[in-house]
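Summary of the model geometry
Next come the chains, spelled out residue by residue.
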Amino acid sequence: MDIRLVADGPWRFRIEQTGTMRVPGVVLAPRDLLPDEPGDQALSQVARVATLPGIVRASYAMPDIHWGYGFPIGGVAATDVAGGGVISPGGVGFDISCGVRLLTAHVDRAALLRKLPVLMDRLDGLIPRGLGRGGLWHLAGRAQLHEILRGGARYAVEQGHGVPHDVERCEDGGAVGDADVTQVGERALERGAGQVGSLGSANHFLEVQAVDAVYDETCARAFGLRPGLVCVMIHCGSRGLGHQICADHVRAMDAVMQRYGIDVPDPQLACVPVDSPEGRAYLGAMAAAANYARANRQLLADAARRVFLQLAGSGLDLLYDVSHNLAKLETHPHDGARALLCVHRKGATRALPPGHADLPDALRRFGQPVFVPGTMGTASYVMTGSTGNRAFDSCCHGAGRVWSRHRAHRETSARQLRQELAGVGVSVRPASWRSVIEEAPEAYKDVDAVVRASQHNDLGRLVARLVPLGVLKG
DNA sequence: ATGTGC
């Protein structure tokens, strides 16, 4: 698809509405963050998403945009439910409700440093990760898996894997309400049964970090962050269960799209009206996967908490848990009124502004915490939702890949990577060194530039910078 | 992202 990319000031670009596009594209990134590998399809994907039935305002791209399945990663698209708007699994991604949670310890970096090696050893032995492998929670049976799919982190806490405060600090109170277990296929259930409480692979991780800088002291204090404080950041999703659900429902939609008169420029944009049996079926299965991902992060956090209590004499308090791969039915201004929109966020973090009713009481004045993990060996950021967000309250979600996984293997080696990480003094414990080659810091954009661009585009405000002390990689 | 795929 040919696109007409026009600079709109120093911080963003516009893709002119041409051909079958129903809205323009808006790429909220400066020139040096635009995907520029030869043949890269990310910007064309922004334009193709703009052709989806019912899409409103614009097809958005966050500053960490890169090429994905159908939708770009870092893509945000909202469709008008009453106006025949569609739901597309490609706008959520294979890793349904992949997200990040951040926990704060009661110990400072200097006090922990001596104990860090033994603490990392313990986490290394405890946390399941890598492809396949088991999970921390050995379920009693299929009925208990169904409870997880319906109750998410809330059910995990009810079962003793956490404290009530954890649930208060999860998006949606730890579980989305409309999960439909009957829309989750047998293969998905089979794959999910043994993986609750496991990191997965690729860019998923559990990191021990320290607060390195604070940019907004009042907000940081409300978030429980101060310079030198130790934190734990967990990034993972719904494992094989979410993957299987995505594959199953893309296939189902592909078979019925024509019946709804829907024609898309890319088969990976398979979609159906939100208000259709197939649309509701996907949303019900997606919600079940979302709850699975939240329970997964809850189990991992609770395990890390027990290690911290035992070895560092410190608890871990959940600051917030938020997804960056999800579609949600939300009310937003549209055509001079409030309308129910299906907001697809794929590699984009929901970022509620200060005062929003869905925020926990203790955070409401400050906006929703947004977590922006960098790469192993580089900084991560805490941001907060800001008023004036035009991209349906969405923000960036990470550094954003620039090298293909294939190119990463060409450009670097395990040995080179080990040396480099040893040089910055970060203890990285991967499931396998081969898999982490694809996660080399050079394979990603500069996360500092990504958060700067996010702030300039009113997607969020900077709160604090975190640096890694120890990294468990998938 | 993924019991990694034409």
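Just so it is clear, the model here is predicted, and its values are computed rather than measured.

Observations concerning the pairing of strand β11 (residues 316-323)
Within β11, seven of the eight residues are buried, leaving the element largely enclosed by the surrounding structure. Here strand β7 (residues 99-108) pairs with β11 via seven bridges, running antiparallel. Opposite Gly99, over in β11, you have Ser323 as the bridge partner.

Observations regarding unusual backbone geometry
Notably, Arg57 is not glycine yet its phi reads approximately 65 degrees, a positive angle. For Arg57, the location among the structural elements is in the loop between α1 (42-49) and β4 (59-66). What makes Arg57 partly exposed here is its relative accessible area of 25%. Even without being a glycine, Phe392 presents a positive backbone phi close to 55 degrees. Here Phe392 is to be found in the loop between β16 (380-384) and β17 (394-395).

A few points about the packing of helix α4 (residues 142-158) against helix α9 (residues 277-312)
The interhelical angle for the contact between α4 and α9, taken along N-to-C directions, is 45 degrees, at an axis separation of 7 Å. Between α4 and α9, the crossing angle belongs to the class labelled oblique. The chirality of how α4 crosses α9 is left-handed. Taken together, the residues of α9 that come into contact with α4 (itself represented by Leu145, Ile148, Leu149, Arg150, Gly151, Gly152, Ala153, Ala156 and Val157) are Ala287, Ala288, Asn291, Tyr292, Arg294, Ala295, Gln298 and Leu299. Across the contact of α4 with α9, the residue classes break down as 11 nonpolar, four polar and two charged.

What about the UniProt feature "active site" (unreviewed entry) in chain A?
UniProt tags His397 as "active site" (unreviewed entry). By the element assignment, His397 lies in the loop between β17 and α10 (405-411). Its relative accessible area of 12% is what places His397 among the buried residues. Apart from residues lying up to four places away in sequence, His397 is in contact with Asp64, Ile73, His324, Gly347, Ala348, Thr349, Phe371, Val372 and Pro373.

Reading the values: rules and limits
- Residues numbered from 1 in each chain as written.
- Chains lettered and ligands numbered in written order.
- Predicted model: local features only at pLDDT ≥ 70, side-chain atom pairs only at ≥ 80, totals over all residues.
- Heavy atoms only, no water.
- Buried < 20%, exposed > 50% of the residue type's maximum accessible area, 1.4 Å probe, protein only.
- Helix = DSSP H or I, 4+ residues; strand = E, 2+ residues; numbered from the N terminus.
- Pairing = 2+ DSSP bridges.
- Axes fitted to C-alpha atoms, helices over the stretch in contact; angles between N-to-C directions.
- Parallel < 35°, antiparallel > 145°, perpendicular 65-115°, else oblique.
- Left-handed = near helix turned anticlockwise from the far one by under 90°.
- Contact = heavy atoms within 4.5 Å.
- Nonpolar A, V, L, I, M, F, W, Y, C, P; charged D, E, K, R; others polar.
- UniProt positions renumbered as here; feature names shortened; annotations may be inferred.

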